[in-house]
Amino acid sequence: MVTRVRTVAFQGIEAQPVDVQVMISPGKMGIHIVGLPDKAVAESRERVQAALHASGLSLPPKKVTVNLAPADLPKEGSHYDLPIAVGLMAGLGAMPADALQSYVVLGELSLDGTITHVAGVLPAAISANRQDRGLICPAPCGPEAAWAGEDIDILAPRSLISLANHFRGHQVLSRPEPSMHANAPDLPDLADIRGQESARRALEIAAAGGHNLLMIGPPGSGKSMLAQRLPSILPPLLPRELLEVSMIASVAGQLLGGKLTDRRPFRAPHHSASMAAMVGGGIRARPGEVSLAHRGVLFLDEFPEFTPQVLDSLRQPLETGDCMIARANHRISYPAQIQLVAAMNPCRCGMAGEPGHRCARGPRCQQDYQARVSGPLLDRIDLRIDVPAVSAVDLIHRPASESSAFVAVRVARARDVQKRRYEALGFPAVTMNAHCPVALIEEVAQCDKAALTLLQQAAEQMRFSARGYHRVLKVARTLADLEGIEAVGRIHVAEAISYRMAQDAANQAA
Ligand SMILES: Nc1ncnc2c1ncn2[C@@H]1O[C@H](COP(=O)(O)OP(=O)(O)OP(=O)(O)O)[C@@H](O)[C@H]1O
Ligand SMILES: [Mg+2]
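Quick caveat, the model's predicted, so the values are computed rather than measured.

**Looking at the pairing of strand β3 (residues 30–34)**
- As judged from the five bridges shared by β3 and strand β4 (residues 63–69), these two strands associate in the parallel manner. Across the sheet, the residue bridging to G30 is K63, located in β4.
- In this fold, β3 hands off to helix α1 (residues 39–54), which returns the chain to β4; that crossover is left-handed.

Right, here's the structure in full:
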């Protein structure tokens, strides 16, 4: 007789249905798993056997065949332990096979029969809900699964025994409750930063429109400090964004305690990050830093110190908002709609352009260092600003600057204007000017005559790419939105152009 248990395989953040078929037949004793299992799945044989033994159930001296269907879909991970074990238990009569039909099952087993945490429970629960089924998952993942819907039936047992007892009616498992992380006000505040007015302004514009930002300045001027304060002025995730972001965190196994948070992700990988760590993939397909920063910020400190290949791998996600990974045996895509914030020194010694300083290696010091960041990547950065060293007067005498709470109010107001605009235009998925579709840019950023003339002159003189031209318009739109003005004026365009010029001017000076 064959017993069937439903589980899932992950492709990107989608959970594909997989059927676990278990057959107990006469033959040499042992468990055989077929259906493209990877190493972790093949090893589940040992865990299942031990966990069943620890739960007081020994295998009969027969041949057990486990087929994971569809057979041509690669199966990765340790979450097949539980469906295989319950399939076997149903085959042995220790669990009702027909009751299992209405559940999707996933979980890893310890040798002592406890069910331990696995990645991807949230997408699995959403997929189960779509099929009108319940979910059986490990106890620590229960709160995460509960987010999939109010009416989905969730069983989150601690061990195989408590699951068996539930079906026998000896012990009732209660439905886990969805929970959120209490957002403690522990984010660093902009009030800590002295001086740097123009950098603070650029940070506010970046936050308001979701624009990419590059800060260039000497060591110790506060670039890393500024970037770390960006999360404190970003608005919380919208409800549908929350679920999207949490699905990625879930697949990556990073939803701690099964709790969700409405804080936008802020990822700051070290510059030694590999390509697989940045864009995802590797032997076991996992979302990379760009996907974990989806709907939030990817902060690359010491920008030119990243390997050029890793930096250039960001070009596609920055343009399309997703990350397509093709490997020999699979092709998957993860969402990656990010805001890139980068910080760098102007040269290797860090002081190029500072008054009274001369680089030991002359202008080449700056040229070589900056050439590590490719032109096409720079072209995708809307705001490039210089962050000069803070003077001692600023540090000692200046009163504390405006705190994040005030800036966050202005940012939230500007974001609200943008969200309503794109909704009215029939693009509800677009919430920020930075993601405005090409076809709409000129319609939403309607410039007056003076602004147009300035834009034309600048585009000709500075030889903007088409992308550069569009990005200047988007930044100008955000500037007008921050002021609550409908028409984009010359002053907005002029400021937007100045942010694009900063680095070109520095390069020409070198
Ligand atoms: N504008 C500022 N206001 C107050 N403190 C500052 C400011 N800039 C720098 N500091 C002080 O200097 C320290 C270092 O700043 P930070 O790490 O942000 O510099 P950085 O520009 O990133 O330098 P590097 O290029 O070496 O990475 C901060 O921890 C803070 O103590
Ligand atoms: Mg720094």
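Text resumes after the structure shown.
**Things to note about the site of ligand 1**
- Lining the immediate surroundings of ligand 1 are 16 residues, of which G220, K223, S224, M225 and N345 lie closest.
- Within the side chain of K223, a nitrogen or oxygen atom sits 2.7 Å from an oxygen atom of ligand 1.
- Contact distances for ligand 1 include 2.9 Å between an oxygen atom and a backbone N or O atom of M225.
- About the coverage of ligand 1: the protein hides 67% of its 640 Å² of free accessible area.
- Element by element, the count of residues in the shell around ligand 1 is highest for helix α8 (residues 223–228), at three residues.

**Things to note about helix α14 (residues 363–370)**
- Residues of α14 that are buried include every one of C365, Q366, Y369 and Q370, and no others. The arc that holds the buried residues of α14, viewed along the axis, is 105 degrees, so those residues lie on one side.

**Focus on the state of the cysteines**
- Overall, the coordinates contain zero disulfides when judged by the stated rule.
- C137 takes part in no disulfide bond, and the closest cysteine sulfur, belonging to C141, lies 5.7 Å away.

**Observations concerning the packing of aromatic side chains**
- Throughout the structure, instances matching the rule amount to two aromatic pairs.
- Consider the rings of Y103 and F167, whose centres lie 6.1 Å apart with planes at 75 degrees: the pair is edge-to-face. Of this pair, Y103 sits in strand β5 (residues 103–105) while F167 sits in helix α6 (residues 160–168), and the two are 64 residues apart along the sequence. An identical accessibility class is assigned to Y103 and F167; each is buried.
- Lying over the aromatic face of Y422, R421 brings its terminal NZ or CZ to 5.9 Å of the ring centre.

Reading guide: rules and limits
Residues numbered from 1 in each chain as written. Chains lettered and ligands numbered in written order. Predicted model: local features only at pLDDT ≥ 70, side-chain atom pairs only at ≥ 80, totals over all residues. Heavy atoms only, no water. Pairing = 2+ DSSP bridges. Helix = DSSP H or I, 4+ residues; strand = E, 2+ residues; numbered from the N terminus. Right-handed = clockwise from strand over helix to strand, strands pointing away. Near = heavy atom within 4 Å. Polar contact = N/O pair within 3.5 Å; in protein donor to acceptor, adjacent residues only side chain to side chain. Areas by Shrake-Rupley, 256 points an atom, 1.4 Å probe, with all protein chains shown as cover. Buried < 20%, exposed > 50% of the residue type's maximum accessible area, 1.4 Å probe, protein only. Arc of directions from axis to C-beta. Disulfide = S-S within 2.5 Å. Phe/Tyr/Trp six-rings, centres within 6.5 Å; stacked < 30°, edge-to-face > 60°. Lys NZ or Arg CZ within 6 Å of the ring centre and 35° of its normal.

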